[in-house]
Amino acid sequence: MTQGAHRTPGRRTVLGAAGAAVLGASTVLPTGAAQAAEAKGTGRGYRSLPVPTVIAHRGASGYRPEHTLGSYQLALDMGAHVIEQDLVPTKDGHLVCRHENDITGTTDVADRPEFASRRTTKSVDGTSLTGWFTEDFTLAELKTLRAKERIPGTRQENTLYDGRWEIPTFEEVLRWAEREGRRRGREVWLHVETKHPTYFRSLGLGLEERLARLLRRYGRHRADSPTFLQSFEPTSMRRMAKLVATPRVVLLWTPDDRPWDFREAGDPRTVADLITPEGLAWIASYAQGIGPLLDLVIPKDKDGRLGEPTTLVRDAHAEGLILHPYTHRNENTFLPADFRRGTDPAAYGDSFGALKKYLATGIDGIFSDNPDTALLAAQDFRTG
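The numbers attached to residues start from 1 for each chain and follow its sequence in the written order. It should be noted that, the model being predicted, local features are given only for residues of pLDDT at least 70 and side-chain atom pairs only at 80 or more, the latter also being counted only at that level, while totals for whole chains, interfaces and linings use all residues. The basis for the side-chain values is all heavy atoms of the structure; hydrogens and waters are excluded.

Undergrad: Sorry, what's going on with the packing of aromatic side chains here?
TA: Each pair of aromatic rings is reported with the distance of its centres and the angle of its planes. Centres within 6.5 Å make a pair out of two Phe, Tyr or Trp rings, where for Trp the six-membered ring is used; the pair is then stacked when the planes are under 30 degrees apart, edge-to-face when over 60, and tilted otherwise. Within the structure shown, the criterion is met by nine aromatic pairs. Centroid distance Y199 to F200: 5.0 Å. Interplanar angle 70°. Geometry classified as edge-to-face. Side by side, Y199 and F200 carry an identical accessibility label, which is buried. Consider the rings of F232 and Y326, whose centres lie 5.9 Å apart with planes at 90°: the pair is edge-to-face. Pair noted here: F232 is in the loop between strand 7 (227–231) and helix 8 (234–243) and Y326 is in the loop between strand 10 (322–323) and helix 14 (351–359), with a separation of 94 residues, a long-range link. To sort residues, take the accessible area from a 1.4 Å probe on protein chains only and compare it with the maximum for the residue type: under 20% means buried, over 50% means exposed, and anything in between is partly exposed. You can call F232 partly exposed: its relative accessible area is 29%. Take Y326: its relative accessible area is 13%, and that puts it in the buried class. Among the aromatic residues, ring-to-ring pairing joins Y46, W189 and F228 into one connected group. Geometrically, a lysine NZ or arginine CZ counts as sitting over a ring once it is within 6 Å of the ring centre and also within 35 degrees of the ring normal. A cation over a ring is seen here: R118 above F137, with NZ or CZ 5.0 Å from the ring centre. Across the ring face of Y286, the terminal group of R238 is positioned such that the distance to the ring centre comes to 5.7 Å. In this description a helix means any DSSP run of H or I spanning at least four residues, a strand means any run of E spanning at least two, and both kinds are numbered starting from the N terminus.

Undergrad: Can you walk me through the pattern of salt bridges in this structure?
TA: Side-chain pairs of opposite charge can arise whenever the charged atoms involved come near each other. Here a salt bridge means any side-chain nitrogen of Lys or Arg lying within 4 Å of a carboxyl oxygen belonging to Asp or Glu. Per the counting criterion, the structure on display carries 28 salt bridges. Note that K122 is salt-bridged to D136, the shortest N-O span being 3.0 Å. Here the residue K122 occupies a position in strand 4 (residues 120–124), and D136 occupies one in the loop between strand 5 (127–131) and helix 4 (139–142), the gap between them amounting to 14 residues. Judged by its relative accessible area of 17%, K122 is buried. In this structure D136 comes out as partly exposed when scored by relative accessible area, which is 23%. The network of salt bridges with common partners includes D77, E180, R183 and R184.

Undergrad: Looking at this structure, I do not really get the pairing of strand 9 (residues 289–292). What am I missing?
TA: The two faces of a sheet get side chains in turn, since along a regular strand they alternate between them. Going residue by residue along strand 9, you find G289 and G291 tucked away on one face and I290 and P292 tucked away on the opposite face as well. Here, strands pair whenever DSSP counts at least two bridges between them. The pairing of strand 8 (residues 248–252) with strand 9 spans four bridges and is classified as parallel. Each residue of the ladder has a partner; that of V250, found in strand 9, is I290. With two bridges joining them, strand 9 and strand 10 adopt parallel strand pairing. Bridging across to strand 10, G289 finds its partner in I322.

Undergrad: Can you walk me through the packing of helix 5 (residues 170–184) against helix 7 (residues 207–217) in this structure?
TA: In a pair of packed helices, the angle between the axes and the distance between the axes together describe the arrangement. Geometry is summarised by axes, namely lines fitted to C-alpha atoms with helices restricted to the contacting stretch, and by angles between N-to-C directions that run from 0 to 180 degrees. Where helix 5 meets helix 7, the closest approach of the two axes is 11 Å, and the angle between their N-to-C directions is 20°. In this view, helix 5 runs roughly parallel relative to helix 7, as classed from their interaxial angle. In this structure, the crossing between helix 5 and helix 7 has a hand that is right-handed. Along its contact with helix 5, which presents F170, E171 and L174, the element helix 7 presents L211, L214, L215 and R217. Split by residue class, the contact of helix 5 with helix 7 holds five nonpolar, no polar and two charged. Should an angle lie under 35 degrees it is considered roughly parallel, over 145 roughly antiparallel, and from 65 to 115 roughly perpendicular; all remaining angles are considered oblique. Take the far helix as your reference; a near helix turned counterclockwise from it by less than a right angle gives a left-handed crossing, and one turned clockwise gives a right-handed crossing. Residues count as neighbours in contact if any of their non-hydrogen atoms are within 4.5 Å of one another. Lys, Arg, Asp and Glu make up the charged group, whereas Ala, Val, Leu, Ile, Met, Phe, Trp, Tyr, Cys and Pro make up the nonpolar group; the residues left over, Gly among them, are polar.

Here you go:
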C-alpha cells in the first residue's frame, strides 16, 4: 500500500464515523446571533456531549490544511463532536484562526514580495522566531494570503489544497457554526484557545476582552453555551471567568513546563505542581476541565512505548474536572513506539490500538487530527 492510499478517508469510513457521532449528538436547535444574545440558553451544556468526546484538532488537519474553513467543514461532516480554533490577533485587533502568530509555514506569505520587508525576528514566550507574524498585518492584508499545509513532508496529500482557503477570522467561524447549526438542527460545538495571551497583552492586543465581546455577540457566553475556552496560561482562563460563563479548560504540557504567565509573574509552579490534587483543586476554582498532554495520562518509557497510566484521570475527576487530552494522530511519527507499523514515519500505524489504550483510562474526550479514526475508536469503546 502506498503512503497516500491510506491517508485520505474513504467514503464509507467518513459516513460510518459521522453516523456514529450523530447518534449521540445534541439535537438542540440553534438561534441567530441577535436572538441567542438574549436567550436564556439551552440548559444542556458540556455534560451533554458524548463520552468520549472527539475534538477535531484544528479541524480535520490530518486531511486538510489546519485552521481553514475547509478543515473545519470536513471535521464537522465526519461527525466530530467539537471543532477547535486557535486565536491570534491582527495589527488592527481582529481575532484570526492560526495555530501560531508566526504564519511563515502556514501561509504563502514568504512568496509575496509585497510583504518581504515584514520578515523579522521576535521573542515570543522566550523563544526567538524569525518570520512573518499576524500582529504586523492588518486583517485586510492577511486576507490577501492563502493557507497551506504546515507539515508537507508528513502530509504530502494535504498540499493539494495549498492556496484553496484564506485565513478565517473567528467571527467568520462563529457565523459558519450558526449556519451549520441551523442546517443540521443541532448546536455546533467549538473549542477556542487563546494563544500567547501574556505576549499579546504586552503589545496592547489583549485577547480575552475581544474574545468575550464576540462570544456575547453570538450568544456563546453562558455556562451552557456550546463552546469551550482554553489556554496554556491559567491567568487567561481566570480572566475569561470574570468576563463570561463559557466553560474553561487549562492546557498542560510537560511536567517541567512553567506556563509563561507564571514566569512573567514570578510564580514558581510548574505543570508538575498543577497536576497534584492541590493544583487540580486550584484549577477547579475557575475552570471546568484540563487539556493535558497525552503523556501526562500515560507516560512513555525510554524507548517511546506506553507505560502505566498515572492517577491524573482519577485525581481530576475527584475535583469535578473533565479531561480533554491532546493530540492523537494516525502517522507513525506521532504514535507511541509500540503502535508504529513499518519504517515510514509518515505512514499510518496502529492508531486504533493506541486510542484503545488512551480511552481505557477514563478520559472524557480527546483531540485528534483524524476525527474519523477517533470517532470509530470512541464507538468501539462505548459498545465494547
